[in-house]
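# Chain and residue survey
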Amino acid sequence: MSNNSVIPTAATRNGLVGRLLSERHSLPLSVVLHLLPGALVVAAYLLIGQPFIRAIHYPTLLGWAIALCLVLIPILLGLLWLGRRGDGRVSLGALRYTDRPLPRGKLMALVGPLIVWMAVLSVVTGPVNRFFLHHFFGWVPFTSGAGSFTGFMNGYSHSTMVVTMLVCLPLTGVSLPLIEELYFRGFLLPRLAHLGGWAPVASAILFSLYHFWTPWVFVSRVLFMFPGFWLAWRHRDIRVSIGMHVGVTSTMAAFGALAVVLNLV
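Residues numbered from 1 in each chain as written. Predicted model: local features only at pLDDT ≥ 70, side-chain atom pairs only at ≥ 80, totals over all residues. Heavy atoms only, no water.

## Notes on unusual backbone geometry
Basically, it comes down to this: A helix here means a DSSP run of H or I that spans at least four residues, while a strand means a run of E at least two residues long, and both kinds are numbered starting from the N terminus.
You will see that Arg100, though not glycine, has its phi angle at about 55°, which is positive. Within the secondary structure layout, Arg100 lies in the loop between helix H3 (60-87) and helix H4 (104-124). Here the phi dihedral of Asn263 falls at roughly 60°; this positive angle occurs in a residue that is not glycine. You can see Asn263 is positioned in the segment after helix H9 (239-261).

Okay, structure coming up:
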């Protein structure tokens, strides 16, 4: 990825496209751009993902993967379109923090501990998540199987779970977290730079709120995601947060799929 400067043209100076491509987003606009995709994911699940998995008798995990694809893939296409509006060619030119300022060795030295931090904290904070789930979010209509890795597997055959995990592995493990990082940290975070040191804080809070489908994980998600967001902002290198986020989700998805295939859970 290259950090191509978006050069406003007559077509992009005014209107919504101009506001999106500007180097600074107002806080209200940024809030909308962070949270609207989450609302659309929930809507896509309730209207499409959930009816589909019920019709074919598959777990909710597949339904959420479908819903995320229906929202995040158009967002990626939108970023490519904005790149074309800005510099005249289909590209990720609307993104920032893509100049790769960190040497590879330093990048790996940062990403490795971040992966461990995020993975360990996501497990350690499990009881906190379950507390919020049972005491504050029991009314949410799609909590079946939440709070447990194996909860969503109950009642399904081994072959069904294997297919589900193998289909979701490249999606929820790699592709979808990557798109999230391109959008939330490559596109939105740099345009909050006017907030100074509060920019990565706002990014962590809004990104956690964006996950409307798991509101009980809000507190722990802020805690285990913030260091990667802060370091990506500080070093102006999106690869830090990509490495942390995709590194953890791909590893956990791979181990989860392996455990299911080997019938260990």
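## Things to note about the environment of Thr160
The condition that has to hold: Relative accessibility decides the category of a residue: with a 1.4 Å probe and only protein chains considered, values under 20% of the type maximum give buried, values over 50% give exposed, and everything between is partly exposed. Contacts are assigned to residue pairs with any non-hydrogen atoms lying within 4.5 Å of each other.
Along the chain, Thr160 falls in helix H6 (residues 158-188). Owing to a relative accessible area of 12%, Thr160 belongs among the buried residues under this scheme. The spatial distance from the C-alpha of Thr160 to the C-alpha of Pro59 is 8.3 Å, given a sequence separation of 101 residues. Not counting chain neighbours up to four residues away, the residues in contact with Thr160 comprise His57, Tyr58 and Pro59.

## Notes on the side chain of His245
We apply this condition: Polar contact is the term for a pair of N or O atoms within 3.5 Å; when the atoms are in protein, one must be able to donate a hydrogen and the other to accept it, and sequence-neighboring residues count only if both atoms are side-chain atoms.
By secondary structure assignment, the location of His245 is in helix H9. Among the polar contacts listed, one links the side chain of His245 to the side chain of Glu181, at a separation of 2.7 Å. Look past the residues within four positions of His245 in its chain and what remains in contact with it is Met118, Pro177, Glu180, Glu181, Phe207 and Met225.

## Quick notes on a nonpolar patch on the surface
The criterion, for reference: Surface patches are drawn from residues lacking salt bridges whose relative accessible area is over 30%; two like charges belong together within 9 Å, two nonpolar side chains (Val, Leu, Ile, Met, Phe, Trp, Tyr) within 5 Å. Methods summary: accessible areas were calculated by the Shrake-Rupley approach with a probe of 1.4 Å, and residue burial reflects only the protein chains presented. Here a salt bridge means any side-chain nitrogen of Lys or Arg lying within 4 Å of a carboxyl oxygen belonging to Asp or Glu.
A cluster of nonpolar side chains, contributed by Leu166, Phe255, Leu258, Val261, Leu262, Leu264 and Val265, occupies part of the molecular surface with about 690 Å² of accessible area. Considering every element that reaches the nonpolar patch, the biggest residue donor is H9, with three residues. Secondary-structure assignment places Leu166 in helix H6. Judged by relative accessible area, Leu166 falls into the partly exposed class, the value being 47%.

## A few points about the nonpolar core
The nonpolar side chains of a soluble globular protein tend to be buried, and buried together. Which entries qualify depends on this criterion: Residues enter a nonpolar core if they are buried and are Ala, Val, Leu, Ile, Met, Phe, Trp, Tyr or Cys, with the set joined through side-chain atoms within 4.5 Å.
Tyr183, Phe187, Trp213 and Val240 are the most contacted members of the largest nonpolar core, which has 65 residues in total. Going through the elements one at a time, helix H1 (15-21), helix H2 (27-56), H3, H4, H6, helix H7 (198-210), helix H8 (218-235) and H9 are the ones with two or more residues in this core. In terms of residues, this core owes the most to one element, H3, which gives 11 residues. The contact partners of Trp213, leaving out residues within four places of it in the chain, are Gly38, Val41, Val42, Trp64, Leu68 and Phe142.

## Thoughts on the pattern of salt bridges
Considering all chains together, one arrives at three salt bridges under this definition. Among the salt bridges present, the one from Arg96 reaches Glu23, with a minimum N-O distance of 2.6 Å. With Arg96 in the loop between H3 and H4 and Glu23 in the loop between H1 and H2, the pair connects residues that are 73 residues apart, well separated along the chain. Looking at Arg96, the relative accessible area reads 8%, which means it is buried. With a relative accessible area of 48%, Glu23 lands in the partly exposed category. Across the salt bridge formed by Arg185 and Glu181, the nearest N and O atoms sit 2.8 Å from each other. Note that Arg185 and Glu181 are positioned in helix H6 at a spacing of four residues, about one turn of the helix.

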